[in-house]
Amino acid sequence: MRKSPVLADLLLGLAVLLLGVAACPTHAQGVAAPGAFDVAVDVAMVPDQSLRGRVQLVLPPHVGAAVMVRTDGETVFKEVYGSRKRGEPALVKASTAFRLASATKPFTAAAALKLVETYKLQLDDRLGRFFDGLPDETAAITVEQLLTHRSRLPFYYRRMAEADAPAQPDGERYYTAAEVLQWLRRDEELLPDPGAIGRYNDTNYVALALVVEAAAGKPFEDYLREAILEPAGMDGAAVLAGDSEPAERAYGHNRVRGNEGTPRAAIEKLTGDERVRALGAKVVSALVQQVVMKSRGYDVDDQSGYSRMRGDGCVYAAIDDLEAWFEALDAGRVLSEASLMRMTSPAGGWETRGRYSCGWTIETGDGGPRLFNGGATRGFCVGHVGP
């Protein structure tokens, strides 16, 4: 078994908003919630018993969450908290799928690298190889530039207003990658050169999913499932595309009514009832969560006009799925050693902080290199933090 380049992996998936996430743009897959990485870095390095206490301390009472810590290829901590949907008794389980938002990007990158391994794609292939009708400068953008966020593509959600999302066959209004491709064909205005360090931009990974689809000769979600998710043993993972969604998923919540404050008397009555306490700590916690969500005005609200965009934030996965993912990377069941090294090595070398490569941001400091990625979208916050 190969030693994973990611020695400590932490998933923090929240089915309702953390304090401060509501201020994040709801269309942006790649905006981390304020404090999310601070929490992850802080708790990932303390002993097991302390970690359990710290996680419980930092999680607000109105969230459902899944947390995992892996060290040296082994899972040393895995816990779930709360319920997965307001108004329903179902608890979050290790098999409950959370929306990964921009933590989807490593899977999109892996799909592209798998096509490189099978000689169906090359890193220096240009968009013009796969799509006609693109402006010359757009057609010249390479796969490697998409992977490393060094293209000049504009931000799609700044040019495609959510209010203008088209009606789809299922009766809902939302954008798809096909609309992004149409927009790229007619919009010749590119952004300034981002330089060696790159410019984080979801459009790159939507375009990359389109390339994967074209090179594989099948829908992106089908190829991702066959080439990456199934070999990794990610049985509960799914791509939100069209009217499909995971069977057992957590729901994101937003405040849709006024905040009545924390109902302390109701919580004390609930937690003081021995019949309730006999149900166990996890059930009590979930019941408290339901009471708090209702009083603070939260309800299910986790889809937008960009939610079904493929490539940049479309994957749902459970904590069990992510554990299987990291184990599969260690064992070489998904990518070759060369592809894994490419995936976790910064474009242009280690000398510059903040490099991005294939779904991961790579920082260097006194403790050596650290990999991390994360995402926030309507009702969810996810973070992976490496050593």
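Just so you know, these numbers come straight off a predicted model, no measurement behind them. (Residues numbered from 1 in each chain as written. Predicted model: local features only at pLDDT ≥ 70, side-chain atom pairs only at ≥ 80, totals over all residues. Heavy atoms only, no water.)

J.: Lay out the overall build of the protein chain in plain terms, naming residues and giving numbers.
T.: On a plain count of helices and strands, the protein chain comes out with 15 helices and 12 strands. Here the protein chain, with 387 residues, has 55% of them falling under the buried criterion. A fraction of 73% describes how many contacts in the protein chain between residues 6 or more apart in sequence connect residues 24 or more apart. As displayed, the protein chain has an accessible area near 16,100 Å², and 51% of this comes from carbon and sulfur atoms. (Helix = DSSP H or I, 4+ residues; strand = E, 2+ residues; numbered from the N terminus. Buried < 20%, exposed > 50% of the residue type's maximum accessible area, 1.4 Å probe, protein only. Contact = heavy atoms within 4.5 Å. Areas by Shrake-Rupley, 256 points an atom, 1.4 Å probe, with all protein chains shown as cover.)

J.: Outline the environment of Ala227, supporting the account with residue identities and numerical values.
T.: Position of Ala227 relative to the elements: it lies in helix H10 (residues 220-229). Distance in space between the C-alpha atoms of Ala227 and Leu115 is 9.0 Å, their sequence separation being 112 residues.

J.: For the pairing of strand E3 (residues 74-81), give the residues involved together with the corresponding values.
T.: Examined bridge by bridge, strand E2 (residues 65-71) and E3 share seven bridges and lie antiparallel to one another. Along E3, the bridge assignment pairs Ala65 with Tyr81. Following E2, the chain reverses through two residues before pairing antiparallel with E3; Asp72 in that reversal takes a positive phi of roughly 50°. (Pairing = 2+ DSSP bridges.)

J.: I'd like a rundown of the packing of helix H3 (residues 105-117) against helix H9 (residues 202-216), residues and numbers included.
T.: Two numbers describe how H3 lies on H9: the axes approach to 10 Å, and their chain directions differ by 35°. As for the relative orientation of H3 and H9, their crossing is left-handed in sense. Contacts from Lys105, Thr108, Ala109, Ala111, Ala112 and Leu115 in H3 reach Asp202, Tyr205, Leu208, Ala209, Val212, Ala215 and Ala216 in H9. Its residues assigned to classes, the contact of H3 with H9 shows 10 nonpolar, one polar and two charged. (Axes fitted to C-alpha atoms, helices over the stretch in contact; angles between N-to-C directions. Left-handed = near helix turned anticlockwise from the far one by under 90°. Nonpolar A, V, L, I, M, F, W, Y, C, P; charged D, E, K, R; others polar.)

J.: Summarise helix H13 (residues 281-295); cite the residues concerned and give the values.
T.: Note: α-helices contain 3.6 residues per turn, so residues at a spacing of three or four share the same orientation. The end-to-end C-alpha separation of H13 is 21 Å, in line with the 21 Å expected for 15 residues at 1.5 Å each. Among the residues of H13, Val284, Ala286, Val288, Gln289, Gln290, Val292, Met293 and Ser295 are the ones counted as buried. (Expected span 1.5 Å × (residues − 1).)

J.: So what's going on with the side chain of His149? Which residues, and what values?
T.: Of note, His149 is situated in the loop between helix H6 (143-147) and helix H7 (156-159). Among the residues examined, His149 registers a relative accessible area of 1% and is labelled buried. Separated by 3.3 Å, the side chain of His149 and the backbone nitrogen of Asn201 make a polar contact. Those residues within four positions of His149 in sequence are excluded, and the remaining contacts are Lys105, Pro194, Gly198, Arg199, Tyr200, Asn201, Asn204, Tyr205 and Tyr356. (Polar contact = N/O pair within 3.5 Å; in protein donor to acceptor, adjacent residues only side chain to side chain.)

J.: Give me the lowdown on the sheet that holds strand E4 (residues 98-99), citing residues and values where you can.
T.: Reading across from one edge, E4-E8-E5 is the order of the three strands in this open sheet, with antiparallel pairing throughout. Two strands close off the open sheet at either side, each with one partner strand: E4 and strand E5 (238-239). Where E5 meets strand E8 (residues 315-317), two bridges bridge the pair, whose relative direction is antiparallel. Residue pairing in the sheet places Ala238 in a bridge with Tyr316 of E8.

J.: Can you break down unusual backbone geometry residue by residue, with the values?
T.: Positive phi is not limited to glycine here, since Ala101 has a value of about 50°. If you trace the backbone, Ala101 turns up in the loop between E4 and H3. One non-glycine residue, His149, lies in positive phi territory at about 60°.

J.: Which residues make up the packing of aromatic side chains, and what values go with them?
T.: Tallied over the entire structure, the rule returns four aromatic pairs. Geometrically, the ring pair formed by Phe130 and Phe131 is tilted, given 6.3 Å between the ring centres and 55° between the ring planes. Ring geometry for Tyr156 and Tyr157: centres 5.4 Å apart, planes at 75°, overall edge-to-face. Through a chain of ring-to-ring contacts, three or more aromatic side chains come together here, namely Phe155, Tyr156 and Tyr157. Here the guanidinium or amino end of Arg158 rests over the ring plane of Phe155, the centre of that ring lying 4.2 Å away. (Phe/Tyr/Trp six-rings, centres within 6.5 Å; stacked < 30°, edge-to-face > 60°. Lys NZ or Arg CZ within 6 Å of the ring centre and 35° of its normal.)

J.: How would you sum up the packing of H3 against H10? Please name residues and give values.
T.: A pair of packed helices is captured by two measures, namely the crossing angle of their axes and the spacing between those axes. Where H3 meets H10, the closest approach of the two axes is 10 Å, and the angle between their N-to-C directions is 80°. By the angle between their directions, the pair H3 and H10 is classed as roughly perpendicular. Within the contact between the two elements, H3 uses Phe107, Thr108, Ala110, Ala111, Lys114 and Leu115 and H10 uses Phe220, Tyr223, Leu224, Ala227, Ile228 and Leu229. By residue class, the composition of the contact of H3 with H10 is 10 nonpolar, one polar and one charged. (Parallel < 35°, antiparallel > 145°, perpendicular 65-115°, else oblique.)

J.: Can you explain the side chain of Lys105? Please cite residues and give values.
T.: Relative to the assigned elements, Lys105 resides in helix H3. A polar contact is formed between the side chain of Lys105 and the side chain of Asp202, at a distance of 2.8 Å.

J.: Tell me what's going on with the environment of Ala97, and back it up with residues and numbers.
T.: Along the chain, the position of Ala97 falls in the loop between E3 and E4. On the basis of relative accessibility, which here comes to 0%, the residue Ala97 falls in the buried class. Sequence spacing of Ala97 and Gly236 is 139 residues, and the spatial spacing of their C-alpha atoms is 6.9 Å.

J.: Tell me about the environment of Ser83, and name the residues and values.
T.: Considering the arrangement of structural elements, one finds Ser83 in the loop between E3 and E4. Overall, Ser83 belongs to the buried group, its relative accessible area being 2%. A C-alpha to C-alpha distance of 9.0 Å links Ser83 and Lys282, two positions 199 residues apart in sequence. Apart from residues no more than four positions distant in its own chain, Ser83 is found in contact with Gly64, Glu88, Ala90, Leu91, Val92, Ala286, Gln289 and Gln290.

Geometric values such as these leave the question of function open.
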